[in-house]
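Below, each chain spelled out in residue letters.
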Amino acid sequence: MTASKDEFPEPNFSDLGVDADIQAGLRDLGYQQPLAVQRVAIPVILEGRDVSMRAKTGSGKTAAFGIPLLQRIDRRRRRPSLLVLAPTRELAAQLGTELRAIGKHRGLEVATAYGGVPVEEQKKRLQAGIDVLAATPGRLLDLSQQKAVRLADFQAVVLDEADEMLSMGFFEDVTKIMDACQGAKQVIILSASLEQDTAALVDRYTRDVIRIDLSADKLSVEGIRNIYYLIGDDLPRHHYLLHVLAVEQPHSAIVFVNTRQDAGVLTTVLAREGWRAEMISGQLPQRERERVMAAIKDQRLKLLVATDLAARGIDISHLSHVINFSLPEDPAIFLHRVGRTGRVDREGTAVSLVSGKRVHTLGVLERQFGIKFERKEFPPATEMTKLLNRARITALLEAAGQNIADGYLALAGEICSHPRGHEIVAYLLKRHADSVHDEKRSLDNRPQAEPPRRRRRRSPPRRRRR
Ligand code: AMP
């Protein structure tokens, strides 16, 4: 199923969304094509996501975070925007040199701060106005105490070689700095290994993080198993989704669709089949969003159906599955979606329904992001029917939950022992499905209570504290 290299040419810097003036800097450096790590990281970081990246020196990691973060700097701010922390002077100096070269044609000012150089010189440089600072933790804290730099000004922070920084005893300094960086809306943590301490930093200072593992030969989005089912056009797509749910038996999942219309139809179909499913849309009032989020978190709700837009900015962790009802048009969105599962300490599964027409997209994703897809087949028809029925029974039992009216129990017993009892049950099931359908339809046709809201920007002190 993988496509030939010629059919899917590797992306260049423009394809990844890199601006012309940054590309000019890359040309000066002799970087003609993005390296693997850059193909994965640039689009995600350009979108403003937090990233934890396992990458070694020599992989091209500096440009992988440097290119997108430099591009995101607003030059009109006239305040330091990007902080890159490194464990050693040498690395801080090297980072400064590379970032300066990349940002040269954009007019970005890059400074460095590390011990062994008179602090006064560095203070003067900071006073003159800078956009980027590459620093070691000790010297940065000195400069901050002397009020030469305000840590709260930085909008993005990178911890480079975080594992080294911790093994050199900088844990306290790093946490002090991170806690003071209250304006940082984006955090990137790089490390060659993901030991417990580094994982703790990721957990504490990142939000909705995408974890990328570039340490092996093949890139992978860490902790996520990517599987796909090839579907035909003999059945409507939502039937295949029901099959996937019956086979995979997700504990909790978000089902991504490409249009609001699909979201509405799908939620109705799922409810009709007895699944505890709800849709979130951009038009839901905040209180409703919170109710739905709380329901999925404490497992009263099993499935959340959402478009990419509606799912933006909501914190859904602990999902066992991410299901792509349709593949997104933009490959970078795929990473956003699957990043919703496979959080710290758990393996998540991303399942995609792929039609013959879209198989080539898997080739693009494999090439661009190094994702390894496993193909799974549905079991034979008789086995499938059994699984579907088992899923329905589970769903009905869960829906019944506490809601069984005692008055009906005796009658139910008699129906079950009646020779034509199964006909009655079949009739009741059909009535039940129809009533869910009608109820959903009347809910969907309700006039909207509120006009769509504009999303509020994330407010600065958003980092979790412990
Ligand atoms: P790093 O992993 O950031 O230490 O980078 C390793 C080396 O790769 C450095 O010498 C970079 O100058 C070089 N490099 C980074 N990106 C590219 C690229 N796209 N093409 C060629 N060389 C690169």
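Residues numbered from 1 in each chain as written. Predicted model: local features only at pLDDT ≥ 70, side-chain atom pairs only at ≥ 80, totals over all residues. Heavy atoms only, no water.

Trainee: Could you clarify how one ought to interpret the sheet that holds strand 9 (residues 224–231) in this entry?
Mentor: Two modes of strand pairing occur in sheets, parallel and antiparallel, and in both the strands are linked by backbone hydrogen bonds. Taken in spatial order, the seven strands line up as 11-12-10-13-14-9-15 in an open sheet, and their pairing is parallel. With one partner strand each, in any of the chains shown, strand 11 (277–280) and strand 15 (373–376) form the two edges of the open sheet. Looking at each pair of strands side by side, their axes are set apart by 25° on average, direction ignored. Relative to strand 12 (residues 303–307), strand 10 (residues 253–257) runs parallel, the two being bridged by five bridges. Bridge assignment links Val257 to a residue of strand 12, and that residue is Thr307. The sheet contacts of helix 11 (residues 260–272) involve strand 10, strand 11 and strand 12, and relative to strand 11 the element is tilted by about 165°. Where helix 14 (residues 331–338) meets the sheet, its contacts fall on strand 9, strand 10, strand 13 (321–324), strand 14 (348–355) and strand 15, and the angle it forms with strand 13 comes to roughly 150°. (Pairing = 2+ DSSP bridges. Helix = DSSP H or I, 4+ residues; strand = E, 2+ residues; numbered from the N terminus. Axes fitted to C-alpha atoms, helices over the stretch in contact; angles between N-to-C directions. Contact = heavy atoms within 4.5 Å.)

Trainee: Looking at this structure, how should I read the nonpolar core?
Mentor: Nonpolar side chains in soluble globular proteins tend to end up buried together. With 56 residues, the main nonpolar core has Phe65, Ile67, Leu70 and Leu82 as its most contacted residues. Residue contributions to this core peak at seven residues, all from helix 2 (residues 36–46). Here this core spans two domains, since at least three of its residues come from each of domain 1 (9–214) and domain 2 (219–400 + 437–443). One finds Val187, Leu201, Tyr205 and Val209 within the second-largest nonpolar core, a separate group that totals 32 residues. (Core = buried A, V, L, I, M, F, W, Y, C linked by side-chain atoms within 4.5 Å. Buried < 20%, exposed > 50% of the residue type's maximum accessible area, 1.4 Å probe, protein only. Domains from an automatic or database assignment.)

Trainee: How should the side chain of Thr136 be read in this particular structure?
Mentor: Following the sequence through the fold, Thr136 ends up in the loop between strand 4 (132–135) and helix 6 (137–145). When near neighbours in sequence (up to four residues on either side) are disregarded, Thr136 contacts Leu85, Ala86, Pro87, Thr88, Arg89, Ala92, Ala113, Tyr114 and Gly115.

Trainee: Even after reading the chapter, I still don't get the site of the ligand, so can you show me in this structure?
Mentor: Neighbouring the ligand are twelve residues; Tyr31, Gln38, Gly58, Gly60 and Thr62 lie closest to it. A distance of 2.8 Å is found between a nitrogen atom of the ligand and a side-chain nitrogen or oxygen belonging to Gln38. In this structure, an oxygen atom belonging to the ligand sits 2.7 Å away from a main-chain N or O atom of Gly60. Contact with the protein chains hides 72% of the accessible area of the ligand, taken as 500 Å² for the molecule alone. A per-class count over the shell around the ligand returns three nonpolar, seven polar and two charged. (Near = heavy atom within 4 Å. Polar contact = N/O pair within 3.5 Å; in protein donor to acceptor, adjacent residues only side chain to side chain. Areas by Shrake-Rupley, 256 points an atom, 1.4 Å probe, with all protein chains shown as cover. Nonpolar A, V, L, I, M, F, W, Y, C, P; charged D, E, K, R; others polar.)

Trainee: Can you help me understand a nonpolar patch on the surface in this one?
Mentor: On the surface, a cluster of nonpolar side chains totalling about 210 Å² of accessible area is made up of Leu396, Val425 and Leu429. Tracing the chain through its elements places Leu429 in helix 18 (residues 421–444). (Patch = residues over 30% accessible without salt bridge, like charges linked within 9 Å, V, L, I, M, F, W, Y side chains within 5 Å. Salt bridge = Lys/Arg side-chain N within 4 Å of Asp/Glu carboxyl O.)

Trainee: Would you mind showing me how to read unusual backbone geometry here?
Mentor: Excluding glycine, residues mostly carry a negative phi; peptide bonds, for their part, are mostly trans. Backbone geometry at Glu161 places phi at a positive 50°, although glycine is not the residue there. If you trace the backbone, Glu161 turns up in the loop between strand 5 (156–159) and helix 7 (162–167). Positive phi outside glycine occurs at Gln249, with the angle close to 45°. Structurally, Gln249 can be placed in the loop between helix 10 (237–248) and strand 10. Residue class for Gln249 comes out partly exposed when judged on its relative accessible area of 48%.

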